[in-house]
Amino acid sequence: GKSTMLHAIAGLLPVAAGTLTVLADRPGRVGVAYVLQSHHASEHLLVTAREVIALARRSPRLSRASRADRRVVDEAMERLGISSLANRHLADMSGGQRQRVFIAQGLVQDSEILLLDEPVAGLDLASEHTIRKVIDEECASGRTVVVATHDLDEAARADQVVMLNRSVVAVGAPAEVLRPEHLREAYRGRVMELGDGTFAVDDGHHH
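Since the model is a prediction, treat every value here as computed from it, not as a measurement.

## Some details on the overall build of the protein chain
Helix and strand counts for the protein chain come out as eight helices and seven strands. Expressed as a percentage of contacts within the protein chain between residues at least 6 apart in sequence, the contacts between residues at least 24 apart total 60%. Surface exposure of the protein chain reaches about 12200 Å², of which carbon and sulfur atoms provide 51%.

What follows is the structure, encoded as structure tokens:
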């Protein structure tokens, strides 16, 4: 249900029941920016990193990006460590590099809410570290960042956790949610307590 929730917040899926209120309507800013996992994009697209990122800044009414737009794109690439890849095609990049390009595309939209679907899943350590650092910076700046993840260590870094398995299992601070009883319910009992306050989870999603 995690990706479904992100789709609903982004307005891509209608809400079947209940209500959904997205508090992201400050004048002059994009409400929601949504970054899917990089594997949702074709590896054979003959577009460069700069072109992909700049698309998120380009107004449909303008044929060329403004100087301010180019500065924002340059800053995002620098933050994600991909300035040297500006003119490289996505087809020539690793999965981690492509994911950093798409994270940069989300950043330049200057949105109130940034939605990230498993932003570091399966990435190399360098890309994982860079993306997590940027997420921390965005949260510190006041932007709301919503991350869908199967990684319990990543969930433990959040301010607020919503544990889902078709329905809501628990909501609250990580210490309140990431507890054995909630994990047993979410993972249908596939939890092993190791005796020292830690536990292991058999997550079939990644088998």
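Resuming the write-up.
## What about helix 3 (residues 67-79)?
Its 13 residues give helix 3 an end-to-end C-alpha distance of 19 Å, which sits within 8% of 18 Å, the value for a rise of 1.5 Å per residue. Residues Asp69, Val72, Val73, Ala76 and Met77 constitute the buried set of helix 3. Buried positions in helix 3, seen along its axis, are confined to an arc of 135° and lie on one side of it. Opposite the buried face of helix 3, by more than 90 degrees, sit the exposed residues Arg67 and Glu78. Each element contacted by the buried residues of helix 3 is listed here: helix 2 (49-54) and helix 4 (95-107). Just past helix 3, the residue Gly81 takes up positive phi, approximately 70°.

## Thoughts on the layout of surface pockets
Over the atoms rolls a probe the size of a water molecule, and its path tells where empty space is left. Taken as a whole, the largest pocket encloses approximately 1500 Å³ of empty space. Along its surface, the largest pocket is lined by 48 residues, and Lys2, Met5, Val147, Val162 and Leu164 are the ones closest to its centre. Going through the elements one at a time, helix 1 (2-9), helix 5 (125-140), strand 3 (144-148), helix 6 (152-156), strand 4 (161-165) and strand 5 (167-172) are the ones with two or more residues in the lining of the largest pocket.

## A word on the pairing of strand 4
Walk down a regular strand and you will see the side chains alternate between the two sheet faces. Across five bridges, strand 4 lies against strand 5 in antiparallel orientation. Counterpart to Met163 in the pairing with strand 5 is Ala170. Adjacent in sequence and paired antiparallel, strand 4 and strand 5 are bridged by one residue, among which Arg166 carries a positive phi angle near 70°.

## Remarks on the environment of Arg88
Inspection of the secondary structure assignment puts Arg88 in the loop between helix 3 and helix 4. When the C-alpha atoms of Arg88 and Thr48 are compared, they prove to be 5.0 Å apart, with 40 residues separating the residues in sequence. Dropping the residues within four chain positions of it, Arg88 is found in contact with Val47, Thr48, Ala49, Met93 and Gln97.

Reading the values: the criteria
Residues numbered from 1 in each chain as written. Predicted model: local features only at pLDDT ≥ 70, side-chain atom pairs only at ≥ 80, totals over all residues. Heavy atoms only, no water. Helix = DSSP H or I, 4+ residues; strand = E, 2+ residues; numbered from the N terminus. Contact = heavy atoms within 4.5 Å. Areas by Shrake-Rupley, 256 points an atom, 1.4 Å probe, with all protein chains shown as cover. Expected span 1.5 Å × (residues − 1). Buried < 20%, exposed > 50% of the residue type's maximum accessible area, 1.4 Å probe, protein only. Arc of directions from axis to C-beta. 1 Å grid on protein atoms, 1.4 Å probe; cavity = no way out; pocket = protein on both sides within 12 Å on 5 of 7 lines; lining within 4 Å. Points joined across faces, edges and corners; volume = space filled by probe spheres on them. Pairing = 2+ DSSP bridges.

Geometric descriptors of this kind do not, in isolation, establish any biological role.
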